[in-house]
Amino acid sequence: MKARTLRGRVAIAGVGETAYYKHGRAPVSEFQLALQAILAACADAGLDPRAIDGFASYSNDRNDPSRIAAALGLPELRFSNMQWGGGGGGGSAAVANAAAAVAGGLADCVVVFRALAQGQFQRFGAAPPVATVSGEQAMTFPYGLISPAQRFAMRVMRYLHEHDIRPEAQRAIALASYHHAQANPRAVMHGRPLTAEAYDASRWIVEPFRLYDCCMENDGAAALIVVSAERARDLRPRPAYLLGAAQGSEHRNAARAHNAPLYATSSFTTVAPHLYAMAGVGPGDVDVVQSYENFTGGVLMSLVEHGFFTAKEANDVLVVDNLLAPTGRLPLNTSGGNLAECYMHGLELVIEAARQIRGESTSQVEGAEVSMVISGPMVTPVSSLILGGAATV
Amino acid sequence: MAPAASYLPAGLPAPVPEPDGLDAPYWAGTRRGELLVQRCERCRAWQWGPEWICHACLSPEVGWTRVDGRGIIYTWERAWHPVHPALREHGPYIVVLVELAHAGGIRMLGNLLGDPRQVVTIGAPVEAVFEPHDDAKVPFTLVQWKVI
Ligand SMILES: [Zn+2]
């Protein structure tokens, strides 16, 4: 039996995004944004859009693949996949699902996309306009425990308490994202640098998160093209090969009303070992990391759970200089990420990870060959992936 | 026993039992000032939130047991940004997650009564306070917590 792995079997051959907008500022509909991003990714790959035969997305993306296939005039649709779960936890998993479809022969050219125009729909950060709630919400909403920030603050508070982690560790993560955004003209926060003093003076959203610990909400769309490794080599000079991917969460992570047995976690303690096993690399081999910032504390836990340092080392490792490209020990969120490039639900992080392999980042890590994405800490399921350059496959 | 007013302003979404009846015993218990959680009748495992089968032995015979409303603060948060219209102009408030060691370490949510700017200590002992909302369209009672 052939080894059951995706390692080296598929690659990201093209990436594309719309202009990124502040929340509510997109001049066109969410569906138009999705089409724009998909066409941009095809153009980047040098691929006729009619070659697309599959779609993968996550977090209940509203833009139905069958409608997109009709709009694009595709000859046939062979794969249509939605990753269950909310938040950005499905970002890497959607790529993995597309990869599995291509590797398994279900489709040949799968687009992974995410489109978000929250101004046209309900915002994530605001309470839904309902008079009554039931189920898990009945045990949280009446206490004012409503938004994602409120849902995850207590996990991070417990983690910071257990490991004596200082607020400066979260601050360093925010400052790194804003620093990288200043080099990235696509970034919504380009030209809006953040200082440590401004961070410290910013208002609390919910302790332990200040304003700058929380992701933006934006309008836009992002897409990437997954094809076989052979086809990717024909399409472009430096495809980003998928070395490994994993998704899931720990034992009873979703036990209701905050009853996960392992509470203070980013949900990666069981996922990360599968990721490294498939990729055939360890944390020390990773050149650059894009780690989903819903909240900086989630990034902190994700990095620990992916083995980059221990929780006890967090205060020492999470200082700004360590996190900056090109010279930092652990270059992090080199496009500006969810905090400062765009909250495209973390798919912009996968695009940035591919750009690092291609040598095209606006904050390039010299010679990056192993590039990681961590998607959606603290939700379930979460997911992560590792991309590699030609030298790794 | 009951405080004169609710901890948070009126207008937040009101809890109603699930249509399938899963958590109805909990909400009925709070109306009587009793804290009811699940405990498996076969293997005696504690379970919270409620589910239709026991996560430990998979028995459908998951009973409800009254527990002492005492625990310790496992973690907490102080919310400042109002995400609901009812919370605008209200100021900060505290949510706690309370661990009940005598009930298998299950955890229950609630607000921490008292000064919303108080220093909160993980590990501090707390006790349940029942907060009735008798004027709601479907009357309900919330379980809140105060430091003892
Ligand atoms: Zn049982």
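Before reading on, note that the structure itself is shown above.
Values in this document were obtained by computation on a predicted structure and should not be read as measured data. The numbers attached to residues start from 1 for each chain and follow its sequence in the written order. Labels follow written order: the first chain is A, the first ligand is 1, and so on. Restriction of local features to residues with pLDDT of at least 70 applies here, the model being predicted, together with a cutoff of 80 or more for giving and counting side-chain atom pairs; totals for whole chains, interfaces and linings are based on all residues. To get the side-chain values, take all heavy atoms of the structure and skip hydrogens and water.

Participant: Please clarify how the overall build of chain A should be interpreted in this entry.
Facilitator: Numbering goes from the N terminus for both helices and strands, where a helix is a DSSP run of H or I of at least four residues and a strand is a run of E of at least two. Of regular secondary structure, chain A possesses 13 helices and 13 strands. Its C-alpha radius of gyration of 20 Å places chain A within 12% of the 21 Å reference for a compact globule of 393 residues. For the C-alpha atoms alone, the extent of chain A along its principal axes is close to 50 × 50 × 50 Å. A total of 393 residues make up chain A; the buried ones form 63% of that total. Taken over C-alpha atoms, the radius of gyration is set against a globule rule of 2.2 Å times the number of residues to the power 0.38. Buried, partly exposed and exposed residues are distinguished by accessible area as a fraction of the type maximum, computed with a 1.4 Å probe on protein chains only: under 20%, between the cut-offs, and over 50%, respectively.

Participant: Teacher, can you tell me more about the pairing of strand 9 (residues 140–147) of chain B here?
Facilitator: Regular strands have side chains that alternate between both faces of the sheet. Residues and elements named next belong to chain B. Burial analysis of strand 9 places six of its eight residues in the buried class, which makes it a mostly covered element. Pairing between two strands requires that DSSP report at least two bridges joining them. Examined bridge by bridge, strand 8 (residues 125–133) and strand 9 share eight bridges and lie antiparallel to one another. Within the sheet, the bridge partner assigned to Val-129 lies in strand 9 and is Gln-144. If you look at the hairpin formed by strand 8 and strand 9, you'll find six residues sitting between the two strands.

Participant: What is the right way to read the packing of aromatic side chains from this model?
Facilitator: For any pair of aromatic rings, the description consists of the separation of the ring centres together with the inter-plane angle of the planes. Working definition: a ring pair exists when centres of Phe, Tyr or Trp rings (six-membered ring for Trp) sit within 6.5 Å. Plane angles under 30 degrees give stacked, over 60 give edge-to-face, the rest tilted. Under the definition given, this model contains nine aromatic pairs over all chains. For the pair Tyr-178 of chain A and Tyr-212 of chain A, a centre-to-centre distance of 5.7 Å together with 90 degrees between the ring planes defines the contact as edge-to-face. Of this pair, Tyr-178 of chain A sits in helix 5 (residues 167–181) while Tyr-212 of chain A sits in the loop between strand 8 (209–210) and strand 9 (218–228), and the two are 34 residues apart along the sequence. Here Tyr-212 of chain A falls in the partly exposed class, since its relative accessible area comes to 22%. One aromatic cluster is present, built from ring pairs that chain together Tyr-26, Trp-27, Trp-48 and Trp-64 of chain B. Lysine NZ or arginine CZ positioned within 6 Å of the ring centre and within 35 degrees of the ring normal marks a charge as sitting over the ring. Directly above the aromatic system of Tyr-58 of chain A lies the positively charged group of Arg-114 of chain A, at a separation of 5.7 Å from the ring centroid. Directly above the aromatic system of Tyr-74 of chain B lies the positively charged group of Arg-107 of chain B, at a separation of 4.5 Å from the ring centroid.

Participant: Sorry if this is basic, but what is going on with helix 5 of chain A here?
Facilitator: Owing to its 3.6 residues per turn, the α-helix brings residues three or four apart onto one side. Residue and element names in this part refer to chain A. In this analysis, the expected span of each helix is defined as 1.5 Å times one less than the number of residues it contains. The end-to-end C-alpha separation of helix 5 is 22 Å, in line with the 21 Å expected for 15 residues at 1.5 Å each. Counted residue by residue, helix 5 has 12 buried out of 15 residues, so it is predominantly covered. Taken as a whole, helix 5 has its buried residues at Ala-169, Gln-170, Arg-171, Ala-172, Ile-173, Ala-174, Leu-175, Ala-176, Ser-177, Tyr-178, His-180 and Ala-181.

Participant: Which parts of the structure should I look at to understand the sheet that holds strand 4 (residues 62–66) of chain B?
Facilitator: Within a sheet, adjacent strands bond to each other through the backbone by hydrogen bonds, running parallel or antiparallel. Residue and element names in this part refer to chain B. Spatially, three strands are ordered 3-2-4 in an open sheet, and the strand pairing comes out antiparallel. Each edge of the sheet is formed by a strand with only one pairing partner; in this case those strands are strand 3 (46–47) and strand 4. Where strand 2 (residues 36–40) meets strand 3, two bridges bridge the pair, whose relative direction is antiparallel. Its bridge partner being in strand 3, Arg-39 is matched across the sheet by Trp-46.

Participant: Quick question: what am I supposed to make of empty space enclosed by the protein here?
Facilitator: One way to see where empty space is left: roll a probe the size of a water molecule over the atoms. Computed over the protein atoms alone on a 1 Å grid, cavities are sets of points where a 1.4 Å probe fits but cannot get out and pockets are open sets with protein on both sides within 12 Å along at least five of seven lines; a residue lines them when it has an atom within 4 Å of a point. Grid points are joined across faces, edges and corners, and a volume is the space filled by probe spheres set on the points. Under the defined criterion, the tally for this structure stands at one cavity of 30 Å³ or more. Empty space within the largest cavity amounts to approximately 60 Å³. Each residue gets one label: Ala, Val, Leu, Ile, Met, Phe, Trp, Tyr, Cys and Pro are nonpolar, Asp, Glu, Lys and Arg are charged, and the others, such as Gly, are polar. Residues that form the lining of the largest cavity fall into these classes: seven nonpolar, no polar and no charged.

Participant: Can you walk me through the nonpolar core in this structure?
Facilitator: Looking at soluble globular proteins, one finds that nonpolar side chains tend to be buried together. To form a nonpolar core, buried Ala, Val, Leu, Ile, Met, Phe, Trp, Tyr and Cys residues must be joined to one another through side-chain atoms within 4.5 Å. Within the largest apolar cluster, 102 residues are counted, with the highest numbers of intra-cluster contacts made by Leu-303 of chain A together with Trp-145 of chain B. Whether two residues touch is decided by their heavy atoms; if any such pair falls within 4.5 Å, the residues are in contact. Here Leu-303 of chain A is in contact with Val-289, Ser-291, Phe-308, Phe-309, Leu-318, Leu-330, Leu-332 and Ile-374 of chain A, once residues within four sequence places are set aside.

Participant: What am I meant to see in the interface of chain A and chain B here?
Facilitator: Accessible area lost on assembly of the parts is the figure often given for the size of an interface. With 39 residues of chain A at the contact, the number on the chain B side is 41 residues. Throughout, buried area stands for the accessible area (probe radius 1.4 Å) lost by two parts on being put together, summed over both. For the pairing of chain A and chain B, the buried interface totals around 3500 Å² over both sides, and the portion due to carbon and sulfur atoms is 58%. In the sections that follow, a salt bridge refers to a side-chain nitrogen of Lys or Arg positioned within 4 Å of a carboxyl oxygen of Asp or Glu. Run the count over chain A and chain B and you get two salt bridges. Each polar contact in these results corresponds to two N or O atoms within 3.5 Å; when the atoms are within protein, one needs to be able to donate a hydrogen and the other to accept it, and residues that are neighboring in sequence are counted only if both atoms are side-chain atoms. Where chain A touches chain B, the interface holds 23 residue pairs in polar contact (both at pLDDT 80 or more). Secondary structure elements with two or more residues in the side of chain A that touches chain B: strand 6 (132–133), helix 4 (148–163) and strand 7 (204–207) of chain A.

Participant: What is the right way to read the environment of Ala-28 of chain B from this model?
Facilitator: For Ala-28 of chain B, the location among the structural elements is in helix 1 (residues 24–31). Since its relative accessible area comes to 34%, Ala-28 of chain B is described here as partly exposed.

Participant: Please clarify how helix 4 of chain A should be interpreted in this entry.
Facilitator: Residue and element names in this part refer to chain A. Look at helix 4: 23 Å from first C-alpha to last across 16 residues, which is about the 22 Å you get at 1.5 Å a residue. Along helix 4, the sharpest change in direction is near 25 degrees and occurs at Met-154. Those residues of helix 4 that sit buried are Ala-149, Gln-150, Phe-152, Ala-153, Met-154, Arg-155, Val-156, Met-157, Arg-158, Tyr-159 and Leu-160. Backbone geometry just after helix 4 places Asp-164 at a positive phi near 55 degrees. To obtain the bend at a residue, axes are fitted to the seven residues ending there and to the seven starting there, and the angle between these axes is taken.

Participant: Sorry, what's going on with the state of the cysteines here?
Facilitator: Throughout this description, disulfide means a covalent bond between two cysteine sulfur atoms. The disulfide criterion is simple: two cysteine sulfur atoms within 2.5 Å. Counting across every chain of the model gives zero disulfides over all chains. Take Cys-214 of chain A: it sits in no disulfide, and the sulfur closest to it among the cysteines is that of Cys-215 of chain A, at 7.0 Å.

Participant: Before we go on, may I ask you to explain the pattern of salt bridges in this structure?
Facilitator: Where charged atoms from two side chains of opposite charge come close, those side chains can pair. For the structure shown, the criterion picks out 22 salt bridges over all chains. Of the charged contacts, one joins Arg-78 of chain A and Asp-108 of chain A as a salt bridge, the two residues approaching to 3.2 Å between their closest N and O atoms. One end of the pair, Arg-78 of chain A, is in the loop between helix 2 (65–72) and strand 4 (79–83); the other, Asp-108 of chain A, is in the loop between helix 3 (91–103) and strand 5 (109–117), with 30 residues separating them in the sequence. Taking the relative accessible area as the measure of exposure, Asp-108 of chain A reaches 42% and is therefore partly exposed. Here Arg-70 of chain B makes a salt bridge to Glu-127 of chain B, at a shortest N to O gap of 3.6 Å. Highlighted residues: Arg-70 of chain B in strand 5 (residues 70–79) and Glu-127 of chain B in strand 8, separated in sequence by 57 residues. Arg-70 of chain B gets classed as partly exposed once you look at its relative accessible area, which sits at 42%. Among the charged side chains, a network of salt bridges with common partners joins Glu-17, Arg-186, Glu-341 and Arg-355 of chain A.

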